[in-house]
Amino acid sequence: MNTKKKTRPAESGPTRPEDQRLSIGSTFAYGFQHVLTMYGGIIAPPLIIGAAAGMSSQDIGLLIAACLFVGGLATILQTIGIPFFGSQLPLVQGVSFAGVSTMVAIVHGGGGIQAVFGSVIVASLIGLVITPLFSKIIKFFPPVVTGTVITTIGLTLMPVAANWAMGGNSAAPNYGSMANIGLAAATMGIVLLLSKIGNAAISRLSILLAMAIGTVIALATGMADFSKVGQGPIVAFPTPFAFGAPTFEIASIVSMLIVILVTLTETSADIIAVGEIVGTKVDSKRIGNGLRADMLSSAISPLFNSFTQSAFAQNVGLVAITGIKSRFVVSAGGLILVVLGVLPILGRVVAAVPTPVLGGAGVVLFGTVAASGIRTLSKVEYRNNMNLIVVAASIGFGMIPIAAPKFYDQFPSWFSTIFHSGISSAAIMAILLNMLFNHLKAGNSDNQSVFVAGTGRVVTEADIACLANGDRFENGKLIDAEGKEVPLTSSTAAEH
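These numbers come from a predicted model, not from an experiment. (Residues numbered from 1 in each chain as written. Predicted model: local features only at pLDDT ≥ 70, side-chain atom pairs only at ≥ 80, totals over all residues. Heavy atoms only, no water.)

1. A short note on the overall build of the protein chain
(1) Moving on: Within the protein chain, the regular secondary structure consists of 21 helices and five strands.
(2) Moving on: Within the protein chain, contacts between residues at least 6 apart in sequence are counted, and of these 79% link residues at least 24 apart.
(3) Moving on: Roughly 23200 Å² of accessible area belongs to the protein chain as shown, and the carbon and sulfur atoms make up 65% of that amount. (Helix = DSSP H or I, 4+ residues; strand = E, 2+ residues; numbered from the N terminus. Contact = heavy atoms within 4.5 Å. Areas by Shrake-Rupley, 256 points an atom, 1.4 Å probe, with all protein chains shown as cover.)

Following this line, the structure appears as structure tokens:
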């Protein structure tokens, strides 16, 4: 009996770092920190999409509450897990930025929020079906593709931030006024100032804190109106299909499917990254379970008026910073999100934040997304390949609908819906060019194009073959072994 009592604690203890259990107080305290870290990111998509759909502040409040509620449920599924669903890793789930510009394009294309919900349902179900095959096609989403797409996501959202900074409503008499832009600039300045402070917690919460301070400034100057916050219920369970039944449009579904492929890629990377940080084994089965949880959550989310779900990369960084590896801490954060999701009054408070304040924070927030993509692109090898032209053409193509919003107006509606989204345009181009130059290598020239030559110093084998033993360069002149100058000529002259 004594022997059994001594061995029982060891047998019941955690066998993996992520299975560590903390006290209830610590668990919820660290879980709340995860919520604060991602709160600004999770409320931004419904704000953008709701504004694009012309929703009232009350409806946007419901949309925000729905996203918090579904994000909490998705987080619990991902961290606790059930058979075949959930990686059982400390990953916070929420609405991804990857689909924002595509959803806005669908809304502006005439489909409305109902077409967005329909496309999310179908594309997510397709994603759920192809999850077992994704490991075979993930080779078509290397950093040169994902980095391009993530960079484009940030860049395509910049017009949204600028519109917010000007006031959000182009028909308003004060749209673009110095007061609006000044408030946005003040908010942005506060973000930068808080980021500069040596306190890590304040720096990580700089976006949220700056929005709060900016709102206080707006209240003091009469630029904020919270009179409608009290209108509506304080506590309410999200009503299924509160904005109407979903509609299904082929072009919208195709466009959203591209977003789902990007989401699968991002979540795969996050699962691998958090596995390395935690120091636990991550195999293909675990990745598959995590991706299926992503897709199941995304497919169900429109039922509760939310959108595609994916892992939040900033919370992966928080795990590394704090060293708290327990998945149950993140589960507690998911439970907090669920509670916040049944309090629509909080959503109305957020929806009442003046748009210039959102604009000032959005410049930094969306810029951070673009910077994350640039960081990924910095790891790409550009010498002796065509990766530079893959990036250049893809980002350039993705910027067309941003620089010229009416560019595709004369195209068929299905084509316009897909390519009016900068993220869809960039993703399609990046995938195709990556396949053309890096997978279908037949026809690639040994003498690569000017795009390759411009990425670094390149000396061809033909140049080396022309040199003789003892040749050397002195003061820009080629000198042979006998000390005589060898005349240099252009390649064109040599051909003639």
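2. Concerning the environment of Ala 224
(1) Moving on: Turning to its location among the elements, Ala 224 is positioned in the loop between helix H9 (206–220) and helix H10 (250–278).
(2) Moving on: On the accessibility criterion, Ala 224 (17% relative accessible area) is buried.
(3) Moving on: Sequence separation of Ala 224 and Val 357 is 133 residues, and the distance between their C-alpha atoms is 9.9 Å.
(4) Moving on: The residues touching Ala 224, leaving out its near neighbours within four places in the chain, are Ala 218, Leu 219 and Pro 354. (Buried < 20%, exposed > 50% of the residue type's maximum accessible area, 1.4 Å probe, protein only.)

3. Observations regarding the packing of helix H16 (residues 387–403) against helix H18 (residues 422–439)
(1) Moving on: Contact geometry for H16 and H18: axes closest at 8 Å, N-to-C directions at 160°. When the axes of H16 and H18 are compared, the pair comes out roughly antiparallel. In the packing of H16 onto H18, the handedness of the crossing is right-handed. On H18, the residues that touch Asn 387, Ile 389, Val 390, Ala 393, Ser 394, Phe 397, Gly 398 and Pro 401 of H16 are Gly 422, Ser 425, Ala 426, Met 429, Ala 430, Leu 433, Asn 434, Phe 437 and Asn 438.
(2) Moving on: The residue inventory of the contact of H16 with H18, partitioned by class, reads 10 nonpolar, seven polar and no charged. (Axes fitted to C-alpha atoms, helices over the stretch in contact; angles between N-to-C directions. Parallel < 35°, antiparallel > 145°, perpendicular 65-115°, else oblique. Left-handed = near helix turned anticlockwise from the far one by under 90°. Nonpolar A, V, L, I, M, F, W, Y, C, P; charged D, E, K, R; others polar.)

4. Thoughts on empty space enclosed by the protein
(1) Moving on: Counted by the stated rule, this structure contains two cavities of 30 Å³ or more.
(2) Moving on: Considered as a void within the structure, the second largest cavity measures approximately 30 Å³ in volume.
(3) Moving on: In this structure, the second largest cavity is lined by Gly 31, His 34, Val 35, Thr 75, Val 92, Val 330, Gly 333, Gly 334 and Leu 337.
(4) Moving on: Put simply, the parts of the chain that give the lining of the second largest cavity at least two residues each are helix H2 (24–52) and helix H13 (327–341).
(5) Moving on: Grouping the constituent residues of the lining of the second largest cavity by class yields four nonpolar, five polar and no charged. (1 Å grid on protein atoms, 1.4 Å probe; cavity = no way out; pocket = protein on both sides within 12 Å on 5 of 7 lines; lining within 4 Å. Points joined across faces, edges and corners; volume = space filled by probe spheres on them.)

5. What about a nonpolar patch on the surface?
(1) Moving on: On the surface, Ile 24, Phe 28, Leu 335 and Val 339 cluster together into a nonpolar patch covering about 360 Å² of accessible area.
(2) Moving on: You can see Phe 28 is positioned in helix H2.
(3) Moving on: Take Phe 28: its relative accessible area is 31%, and that puts it in the partly exposed class. (Patch = residues over 30% accessible without salt bridge, like charges linked within 9 Å, V, L, I, M, F, W, Y side chains within 5 Å. Salt bridge = Lys/Arg side-chain N within 4 Å of Asp/Glu carboxyl O.)

Limitation: the analysis is restricted to geometry and does not speak to function.
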